[in-house]
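Results of the structural survey
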Amino acid sequence: MPDVNTSTPQTLSDLLKRARAIAGLTLGELASGLGEQPPATLRRDKGWVGRMLEQALGADASTAQAPDFAALGIELKTLPLTPEGRPLESTFVTCVELADPDAISWETSHARQKLARVLFIPILTHRRTPPGERLIGQPLLWTPSPDEEARLRNDWERHMRTIRQGYAHAITAEDGDVLQIRPKGARASSRVWGQGPSGELELIQPRAYYLRPSFTAEIIARSFALSTAS
DNA sequence: ACTTGATCATTT
DNA sequence: AAATGATCAAGT
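Residues numbered from 1 in each chain as written. Chains lettered and ligands numbered in written order. Predicted model: local features only at pLDDT ≥ 70, side-chain atom pairs only at ≥ 80, totals over all residues. Heavy atoms only, no water.

1. Some thoughts on the protein's contact with DNA strand C
In plain terms, the rule: Consider each residue's heavy atoms; a residue with any of them within 4 Å of a molecule or strand counts as near. N or O atoms closer than or at 3.5 Å make up a polar contact, with two conditions inside protein: a donor-capable atom paired with an acceptor-capable one, and, for residues adjacent in sequence, both atoms drawn from side chains. Where helices and strands are cited, they refer to DSSP runs of H or I of at least four residues and of E of at least two residues respectively, numbered from the N terminus.
Taken together, 23 residues are adjacent to DNA strand C, and Arg-43, Asp-68, Thr-78, Lys-184 and Tyr-210 come closest. Here DNA strand C approaches the protein such that, of its atoms within 4 Å, sugar and phosphate make up 57%. Within the contact set of DNA strand C, a phosphate oxygen lies 3.2 Å away from a side-chain nitrogen or oxygen of Lys-114. Within the side chain of Tyr-210, an N or O atom sits 2.8 Å from a base nitrogen of DNA strand C. Of all the secondary structure elements, the ones that give two or more residues to the surface near DNA strand C are α3 (48–57), β1 (75–81) and β2 (91–95). Looking at the surface near DNA strand C element by element, the count peaks at 4 residues for β1.

Here's what the structure looks like:
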């Protein structure tokens, strides 16, 4: 059973060292080191992989609206990847702030804060691979390039314009080149207070921002190119 | 095959 | 009830 240090890393270099140390392990091996057992399927345990990695790397206890590693300003994300490097899923970013859209700008948005510095942990897997057999990949610390941030911002500002005009309910997953908005709730009938067309309060379906797989694929490809450059 | 909309567990 | 961790599964 591998020995897994679960204390909170104090420096970026410590965190990266820790992440590199668990690369190459299966999630089953990691779980074993943490005294846990992997579920047979993620169907009823969709957040298991993320929680396992948070624990293994010593992320701060879930403090609302703060990065996973608050002292380092780093957000942790697992990214399911085929062995060929293709993301299997979109990446959850944060819930859309629907209540008071006039008060928010890109600079102060939760979305930008979440995406400012992200430590991606690739999980090499196919859809049918049991969670315990999935392989932890090499970590990738990402800060949006100026171009990437411009594209994120462009999508975010278009979404927010629609929301401010009171048409949040009309946004679909097809909107946004790299940053999409999809429903996010306990069930399809969930509702939160949002802003209607005349500025009045209106109950609408809660939504969240997601990075499209094509965007995270770019990030991964760029990193791979760097890591193999001679 | 891939995407969109729906869903599940946990914690605060 | 809402936010965070995501993946599922129906539809195209």
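Structure shown, so let's carry the discussion forward.
2. Describing the pairing of strand β7 (residues 192–195)
Put simply, the test is: Two strands qualify as a pair provided DSSP detects at least 2 bridges between them.
By the bridge criterion, 4 bridges tie β7 to strand β8 (residues 201–204) in an arrangement that is antiparallel. Residue pairing across strands places Trp-193 opposite Leu-203, the latter belonging to β8. If you look at the hairpin formed by β7 and β8, you'll find 5 residues sitting between the two strands, and Gly-199 has a positive phi there, around 85°.

3. Some remarks on the environment of Pro-144
To keep things clear, this is the line we draw: Two residues form a contact once any of their heavy atoms are found within 4.5 Å.
Mapping Pro-144 onto the fold places it in the loop between β5 (140–142) and α5 (146–164). Separated by 101 residues in sequence, Pro-144 and Arg-43 place their C-alpha atoms 32 Å apart. Setting aside residues no more than four positions away along its own chain, Pro-144 makes contact with Leu-115, Ala-116, Glu-149 and Leu-152.

4. Re the protein's contact with DNA strand B
Condition: Nonpolar residues are Ala, Val, Leu, Ile, Met, Phe, Trp, Tyr, Cys and Pro. Charged residues are Asp, Glu, Lys and Arg, and all others, Gly as well, are polar.
Taken together, the neighbourhood of DNA strand B is formed by 16 residues, with Arg-44, Lys-46, Ala-173, Arg-182 and Gly-185 sitting nearest. Protein-proximal atoms of DNA strand B, defined as those within 4 Å of the protein, fall in sugar or phosphate at a share of 59%. The separation between a phosphate oxygen of DNA strand B and a polar side-chain atom of Arg-44 is 2.8 Å. For DNA strand B, a base oxygen lies 2.8 Å from a polar atom in the side chain of Lys-46. If one sorts the elements of the surface near DNA strand B by residue count, strand β6 (residues 179–183) sits on top with 3 residues. Residues belonging to the surface near DNA strand B are distributed by class as follows: 4 nonpolar, 5 polar and 7 charged.

5. Focus: the nonpolar core
One recurring pattern in soluble globular proteins: nonpolar side chains tend to sit buried together. Formally: Nine residue types can take part in a nonpolar core, namely buried Ala, Val, Leu, Ile, Met, Phe, Trp, Tyr and Cys, and a core is a set of them joined through side-chain atoms within 4.5 Å. For the exposure calls, accessible area comes from a 1.4 Å probe over protein chains only, and a residue counts as buried if that area is under 20% of its type's maximum, exposed if over 50%, partly exposed in between.
Judged by nonpolar contacts, the single largest core of 28 residues is most densely connected at Leu-152 and Tyr-209. For this core, the elements supplying multiple residues, two or more each, are β1, α4 (110–115), β3 (118–124), β5, α5, β6, β9 (207–211) and α6 (213–228). Residues within four places of Leu-152 in sequence aside, it is in contact with Trp-106, Leu-115, Trp-142, Pro-144, Val-178, Leu-179, Leu-211 and Phe-215. Val-4, Ala-19, Leu-27 and Ala-31 belong to the second-largest nonpolar core, a separate cluster that totals 26 residues.

6. Comments concerning the sheet that holds β2
The condition that has to hold: What counts as an axis is a line fitted to C-alpha atoms, over the stretch in contact for a helix, and the angles between N-to-C directions run from 0 to 180 degrees.
The sheet built from 3 strands is open, its strands ordered β2-β9-β6 with antiparallel pairing. Across the chains shown, the open sheet's two edge strands, defined by having one partner strand only, are β2 and β6. On average, each strand axis in the sheet is inclined to that of its neighbour by 35°, with strand direction left out of account. Two strands pair when backbone bridges link them, and β6 and β9 are joined in this way by 5 bridges, in the antiparallel orientation. Paired with Ile-181 across the strands is Tyr-209, a residue of β9.

7. Describing the pattern of salt bridges
Note the following rule: A pairing counts as a salt bridge when a side-chain nitrogen of Lys or Arg comes within 4 Å of a carboxyl oxygen of Asp or Glu.
Following the criterion strictly, the structure yields 9 salt bridges and no others. Ionic pairing is found between Glu-75 and Lys-77, a salt bridge with its closest N-O pair at 3.9 Å. The buried category is assigned to Lys-77, whose relative accessible area is 13%. Between Glu-148 and Arg-222 there is a salt bridge, with the nearest N and O atoms lying 2.9 Å from each other. Of the two residues, Glu-148 sits in helix α5 while Arg-222 sits in helix α6, which places them 74 residues apart along the sequence. Judged by its relative accessible area of 37%, Arg-222 is partly exposed.

8. As for the packing of helix α1 (residues 12–22) against α3
We apply this condition: Geometric relationships in this document are graded by angle, where less than 35 degrees denotes roughly parallel, more than 145 denotes roughly antiparallel, 65 to 115 denotes roughly perpendicular, and other angles denote oblique. Helix crossings fall into two classes, left-handed where the near helix is turned counterclockwise from the far one by less than a right angle and right-handed where it is turned clockwise.
It is the contact of α1 with α3, at a shortest axis distance of 10 Å, that shows an interaxial angle of 125°. By the angle between their directions, the pair α1 and α3 is classed as oblique. The interaxial crossing formed by α1 with α3 has right-handed handedness. Contacts from Leu-15, Arg-18, Ala-19 and Ile-22 in α1 reach Leu-53, Ala-56 and Leu-57 in α3. Here the residues of the contact of α1 with α3 sort into 6 nonpolar, no polar and 1 charged.

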